[in-house]
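Chain by chain, the residues:
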Amino acid sequence: MQIKKYIAGNYSEALASIKKEMGSDALILTTRSIRDHSKWNGGGASKVEITAAIDPATSAIESGTKVMDPETTLEFSSFNNAEVEPDIKSLMYSLLSQTERAQSLGIKNHQLDLFSQLVKNGLNEKIIAKVFSKIALTGENDNAISLKDKFVKTMNRVIVCKGGVETSNDSPPKKVVLVGPTGSGKTTTIPKIAADLIYRQKKKVALVSLDTFRVGGIEQLQIYGDIMGIAVETAQDRLGLKECMKRHSDKDVVLVDTMGRCHRDHNYSAQLSKVFEGLGEMETHLVLSVVSNEKQFMESYKQFSPLGVNRVLFTKIDEGLNFGSMVNFSLRTRLPLSYLTTGQRVPEDIEVAVRDRVIRLIFN
C-alpha cells in the first residue's frame, strides 16, 4: 500500500494531483485545512492537506477497465475476484464519508445526488463511478433528468439478461437444474417455470426432485404436478436420475429440483456433480433470494460454480428493500439474469428478467 500526503490551494487541486499521480482508484484517507503562517495576520484556512493511498498492484490491474460491447458487461477487474481487495484497503475506504468516497472515485458535484440515490438502493459505488466515467457529458450543467437518462442508457448496455428457459428440437429433453442455498425458494420457483413452459410455450415437461430429505418438499411438487397434469418423480442418486431421464425422453424439458445446503458446505457441489455425471449438457440456474446479502450471494456462487452455473435467478422481489445487489452480483460473476419471482402465488408470481425491469428496480 502506497500512502502519500498532498498539499494544495484547494480541494479540487489536491484531488487533481492525486488522480494524476495515483490514478482514479486512489483512496482518500484524511483531509484537513492548514493555515499559511507566513501571512502577517496568521492567515486563514488557505490550504488543504489530503492523505491518499493506493495499492500499486490493484491500480495496474484496473487501469484497463472499460465498457464492453452491447450484450456484455462492464469489465470490473476488481470484481472478478472476490478476494482481490485487501481488508486494510476496504477498511480505510469505509471510514470515509459517502461524499469523500464519491469524490475519490471521480464523481462530480452535479452527479452526487444520483450517486447517493443509487448507493442507497444497493448499487456498488465503483460500478456507479465506472458508468459515470463512460457517460458522454455535455458539461456540468446537465440537469438531473438528463443525467439519469444517460445513466439508464449506459446500464442498458451493461446489464445482461438471457431470458427464461427456451427449448429447441435438438436432442430433447432439455435438462434444467435449479441450485441454491436453503430457503432461496427453489421448490416454489420450479413449478412456476413449469407452468410457463406448459401454458405459454406449449411444451411437455416433467419434474424431478433430488430433495428427498426435506419434509414436505416432494409433496409440494406433487400437488403442483397434479394440478398441471405432469409427472413428478424423485431420484436419490445418479442411477435413479438417469432412469428418470430415460422415462421422460419424450419430454421437451425436465426440470430438476435440488436440496438446499448451507453455503459453507462446499462438498455438496461435488456430490451433485457425481449425480449429474453422464447426463450430458445441463442448464444450471443459481437461485438466490434478494433479501440475502452480497457476501452470501458470493459464497453460494463459490459453492455451486463447479457445476457450471449458467444463469442467476432472483426470488422474493416482493420482500426486497433495494435491488442494486442483483446487478452487482451479475456483473461480478458475469452471470446473466434469467427470472425474477415476485411472490408466493403459483404460477403467477414469476417474470422473465429484462433490462428495463431491472433498471426500474435499481431506482426503486
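Describing the overall build of the protein
Phase 1: Looking only at helices and strands, the protein has 15 helices and 11 strands in total.
Phase 2: Counting all 364 residues of the protein, 49% fall into the buried class.
Phase 3: Long-range contacts, defined here as pairs at least 24 residues apart, represent 72% of the contacts in the protein between residues at least 6 apart.

Quick word on the sheet that holds strand β3 (residues 47-54)
Phase 1: Reading across from one edge, β1-β3-β2 is the order of the 3 strands in this open sheet, with antiparallel pairing throughout. The open sheet has two edge strands with one neighbour each: β1 (2-8) and β2 (27-34). Between one strand axis and the next, the sheet turns by 15 degrees as a mean value, whatever way the strands run.
Phase 2: Examined bridge by bridge, β2 and β3 share 7 bridges and lie antiparallel to one another. Opposite Thr 30, over in β3, you have Thr 51 as the bridge partner.
Phase 3: This element, helix α1 (residues 11-22), spans β1, β2 and β3 of the sheet and lies at about 25 degrees to β3.

Observations regarding the side chain of Glu 49
Phase 1: Looking at the element boundaries, Glu 49 is found in strand β3.
Phase 2: When sequence neighbours within four positions are dropped, the list of residues in contact with Glu 49 reads Lys 5, Tyr 6, Ile 7, Thr 30, Thr 31, Arg 32 and Ile 34.

Observations regarding the packing of aromatic side chains
Two measures describe an aromatic ring pair: the distance that separates the ring centres and the angle between the ring planes.
Phase 1: All told, the structure shown has 7 aromatic pairs when counted by the stated rule.
Phase 2: With 6.3 Å between their ring centres and 90 degrees between their planes, Phe 314 and Phe 329 make a pair best called edge-to-face. Within this pair, whereas Phe 314 is found in strand β9 (residues 311-315), its partner Phe 329 is found in helix α14 (residues 324-333), the two being separated by 15 residues in sequence.
Phase 3: Residue Phe 314 is classed as buried on the basis of its relative accessible area of 0%.
Phase 4: Among the aromatic side chains, those forming a connected cluster through ring pairs are Phe 297, Tyr 301, Phe 314 and Phe 329.
Phase 5: Across the ring face of Phe 363, the terminal group of Lys 148 is positioned such that the distance to the ring centre comes to 4.6 Å.

A closer look at the environment of Glu 13
Phase 1: One can find Glu 13 in helix α1.
Phase 2: Sequence-wise, Glu 13 and Val 48 are 35 residues apart; in three dimensions their C-alpha atoms are separated by 9.3 Å.
Phase 3: From its side chain, Glu 13 meets the backbone nitrogen of Gly 9 in a polar contact 3.3 Å long.

Considerations on the packing of helix α8 (residues 144-158) against helix α15 (residues 355-362)
Phase 1: For the pair α8 and α15, the least separation of the axes is 10 Å and the interaxial angle reads 130 degrees. In this view, α8 runs oblique relative to α15, as classed from their interaxial angle. Relative to α15, α8 is oriented so that their crossing is right-handed. On α15, the residues that touch Val 152, Met 155 and Asn 156 of α8 are Arg 355, Asp 356, Ile 359 and Ile 362.
Phase 2: A breakdown of the residues in the contact of α8 with α15 according to their chemical character gives 4 nonpolar, 1 polar and 2 charged.

Procedures and definitions
Residues numbered from 1 in each chain as written. Predicted model: local features only at pLDDT ≥ 70, side-chain atom pairs only at ≥ 80, totals over all residues. Heavy atoms only, no water. Helix = DSSP H or I, 4+ residues; strand = E, 2+ residues; numbered from the N terminus. Buried < 20%, exposed > 50% of the residue type's maximum accessible area, 1.4 Å probe, protein only. Contact = heavy atoms within 4.5 Å. Pairing = 2+ DSSP bridges. Axes fitted to C-alpha atoms, helices over the stretch in contact; angles between N-to-C directions. Phe/Tyr/Trp six-rings, centres within 6.5 Å; stacked < 30°, edge-to-face > 60°. Lys NZ or Arg CZ within 6 Å of the ring centre and 35° of its normal. Polar contact = N/O pair within 3.5 Å; in protein donor to acceptor, adjacent residues only side chain to side chain. Parallel < 35°, antiparallel > 145°, perpendicular 65-115°, else oblique. Left-handed = near helix turned anticlockwise from the far one by under 90°. Nonpolar A, V, L, I, M, F, W, Y, C, P; charged D, E, K, R; others polar.

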